[in-house]
Amino acid sequence: MKPFAYVRAGSVEEATDAFATHPGARYLGGGTNLVDLMKLGVETPAALVDVTRLPLDAVEELPDGSLRVGAMVRNSDLAAHPAVRDRYPALSQALLAGASGQLRNAATTGGNLLQRTRCPYFQDVSKPCNKREPGTGCGALEGVHRDHAVLGYSDQCIATHPSDMAVALAALDAHVELRGPEGARRVPAADFHRLPGQHPERDTEIHPGELITGVVLPAATAGLPSAYRKARDRASYAFALASVAVVLHLADGVVDRAGIAFGALAHRPWRARRAEEALLGAAPTTAAFEHAVDLELEAAEPLRDNAYKVPLARRLALDVLGRLAPPATT
């Protein structure tokens, strides 16, 4: 057994101070990912800073009409919250598509964003993995990579990010709130996770010692038509093979707002900027939807065993777009 220190924080300041004084520390929330990785020997923290008692477990209406979700709000509670179901349905759908009911009851908003890849080479300490141990190589490149990335990967890492929730947050233009030694700041959810590049060990743009304190869902996307759909190997408790979250609004018969994000295709939720730009000002026709999605997926570079992901993601996106705005005559 590898010993580690344990600190229960009573405030955000106590948490960040404890983290700073324990090199190699990790924040502990629901523990649904971190504890599993500790059991596997992938994570070996010198200290756990328990943040479960922090007053970050509320969903609050802000004066500007946005919705602030505390980092300790449980996934089940967030999915069931009336304001989320009514105003941000893609987020509720994404949360309910993730994990099992028991895990959703334990998992937190902040922890969901910080969960690490489910790549088997990352989770097996006997295998090479640049994300787990930089410089050792990527075993998945020539190994088993049916579930791996087709967009934005590098020769250092082809893993995908497993979160369903993060995909919906990216499409909804949410922001992640952070607090650390340098104070508080916000990061767009679509930019919070990183592509691997030459540093796949860095999953996010979070600075050392920073704690996620909440997520803000903007007023601008509140109440707009949105939806999330996920394809997986079995009907429940399985990670996505491909997924998509879409926010779509029409005015005067054309698209005047589009937010599209793909999941399970890249190292982070993939915000489909090219598709969104192609849709703005376009009538909601089948041809317009197909053109936009195909334009985005042109960048895909499938590997030996995962080319199926490209047409799968295409069909998911077209289905969700068509449900949110039934196509006019092409």
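Preceding this section is the structure that the text describes.
Residues numbered from 1 in each chain as written. Predicted model: local features only at pLDDT ≥ 70, side-chain atom pairs only at ≥ 80, totals over all residues. Heavy atoms only, no water.

Trainee: Looking at this structure, I do not really get the pairing of strand E6 (residues 175-180). What am I missing?
Mentor: Each regular strand displays side chains that alternate between the two surfaces of the sheet. Alignment of E6 against strand E7 (residues 183-188), held across 6 bridges, turns out to be antiparallel. Within the sheet, the bridge partner assigned to Val176 lies in E7 and is Val187. Hairpin connection between E6 and E7: a loop of 2 residues separates the two successive antiparallel strands. Bridging between E6 and strand E8 (residues 211-217) involves 5 bridges; their strand directions are antiparallel. In the strand pairing of E8, Glu177 is matched with Gly214. (Pairing = 2+ DSSP bridges. Helix = DSSP H or I, 4+ residues; strand = E, 2+ residues; numbered from the N terminus.)

Trainee: Where do I start with helix H14 (residues 309-324) in this structure?
Mentor: An α-helical turn contains 3.6 residues, so a residue and the one three or four places further along point in the same direction. The end-to-end C-alpha separation of H14 is 22 Å, in line with the 22 Å expected for 16 residues at 1.5 Å each. Taken as a whole, H14 has its buried residues at Lys309, Val310, Leu312, Ala313, Leu316, Ala317, Leu318, Val320, Leu321 and Gly322. Where the residues of H14 are buried, they touch strand E9 (226-231), strand E10 (242-251), strand E11 (254-263), helix H12 (273-279) and helix H13 (286-297). (Expected span 1.5 Å × (residues − 1). Buried < 20%, exposed > 50% of the residue type's maximum accessible area, 1.4 Å probe, protein only. Contact = heavy atoms within 4.5 Å.)

Trainee: How should I be thinking about the layout of surface pockets in this particular structure?
Mentor: One water molecule sets the probe size; rolling that probe over the atoms shows where empty space is left. The computed volume of the second largest pocket comes to approximately 430 Å³. For the lining of the second largest pocket, a count of residues per class yields 12 nonpolar, 8 polar and 6 charged. (1 Å grid on protein atoms, 1.4 Å probe; cavity = no way out; pocket = protein on both sides within 12 Å on 5 of 7 lines; lining within 4 Å. Points joined across faces, edges and corners; volume = space filled by probe spheres on them. Nonpolar A, V, L, I, M, F, W, Y, C, P; charged D, E, K, R; others polar.)

Trainee: Where do I start with the nonpolar core in this structure?
Mentor: Side chains of nonpolar character tend, in soluble globular proteins, to be buried together. Ranked by internal contacts, the top residues of the largest apolar core, which has 51 residues, are Ala15, Leu54, Leu91, Leu113, Leu169 and Leu217. Residue contributions to this core peak at 7 residues, all from helix H10 (residues 165-171). With sequence-adjacent residues up to four places away left out, Leu169 is seen in contact with Leu91, Leu113, Ala174, Ala189, Val215 and Leu217. Counting 33 residues, the second-largest nonpolar core is a separate cluster that includes Ile260, Ala313, Ala317 and Val320. (Core = buried A, V, L, I, M, F, W, Y, C linked by side-chain atoms within 4.5 Å.)

Trainee: Would you take a moment to explain the sheet that holds strand E2 (residues 25-28) for this structure?
Mentor: Within a sheet, neighbouring strands are paired by backbone hydrogen bonds and run either parallel or antiparallel to one another. Pairing within the open sheet is parallel, and its 3 strands lie in the order E1-E3-E2. One side of each edge strand has no neighbouring strand; the edge strands of this open sheet are strand E1 (5-8) and E2. Averaged over all neighbouring strand pairs, the angle between strand axes comes to 20°, with direction disregarded. Bridge count for E2 against strand E3 (residues 47-50) is 4 bridges, and the pairing is parallel. Among the inter-strand pairings, Tyr27 is bridged to a residue of E3, identified as Val49. The sheet contacts of helix H1 (residues 12-21) involve E1, E2 and E3, and relative to E2 the element is tilted by about 155°. (Axes fitted to C-alpha atoms, helices over the stretch in contact; angles between N-to-C directions.)

Trainee: Sorry if this is basic, but what is going on with the environment of Ala272 here?
Mentor: Following the sequence through the fold, Ala272 ends up in the loop between strand E12 (270-271) and H12. Note on Ala272: relative accessible area 0%, which makes it buried. Ignoring any residue separated from it by four or fewer positions in sequence, one finds Ala272 in contact with Ile260, Ala261, Phe262 and Glu296.

Trainee: What is the right way to read H1 from this model?
Mentor: Listed as buried for H1 are Val12, Ala15, Thr16 and Ala18. Projection of H1 onto a plane perpendicular to its axis shows the buried side chains occupying an angular sector of 160°, all on one side. Across H1 from its buried face, at more than 90 degrees, point the exposed residues Ala20 and Thr21. In this fold, the buried residues of H1 make contact with E1, E2, E3, E6 and E8. (Arc of directions from axis to C-beta.)

Trainee: Sorry, what's going on with unusual backbone geometry here?
Mentor: Glycine aside, negative phi is the norm for most residues, and most peptide bonds take the trans geometry. With a phi angle near 55°, Asp252 is a residue other than glycine that sits in the positive phi range. With respect to the helices, strands and loops of the structure, Asp252 is situated in the loop between E10 and E11. In this structure, Ala264 takes a positive phi of about 70° despite not being glycine. Take Ala264: it is sitting in the loop between E11 and E12. Under the relative-accessibility criterion, Ala264 is labelled buried at 7%.

Trainee: What is the right way to look at the side chain of Arg271 in this model?
Mentor: You can see Arg271 is positioned in strand E12. A distance of 2.8 Å separates a polar atom in the side chain of Arg271 from a polar atom in the side chain of Asp173. Side chain to side chain, Arg271 and Glu276 meet in a polar contact 2.4 Å long. Setting aside anything within four residues of it in sequence, one finds Arg271 in contact with Ala170, Ala171, Asp173, Ala190, Ala258, Gly259, Ile260, Ala261, Glu276 and Glu296. (Polar contact = N/O pair within 3.5 Å; in protein donor to acceptor, adjacent residues only side chain to side chain.)

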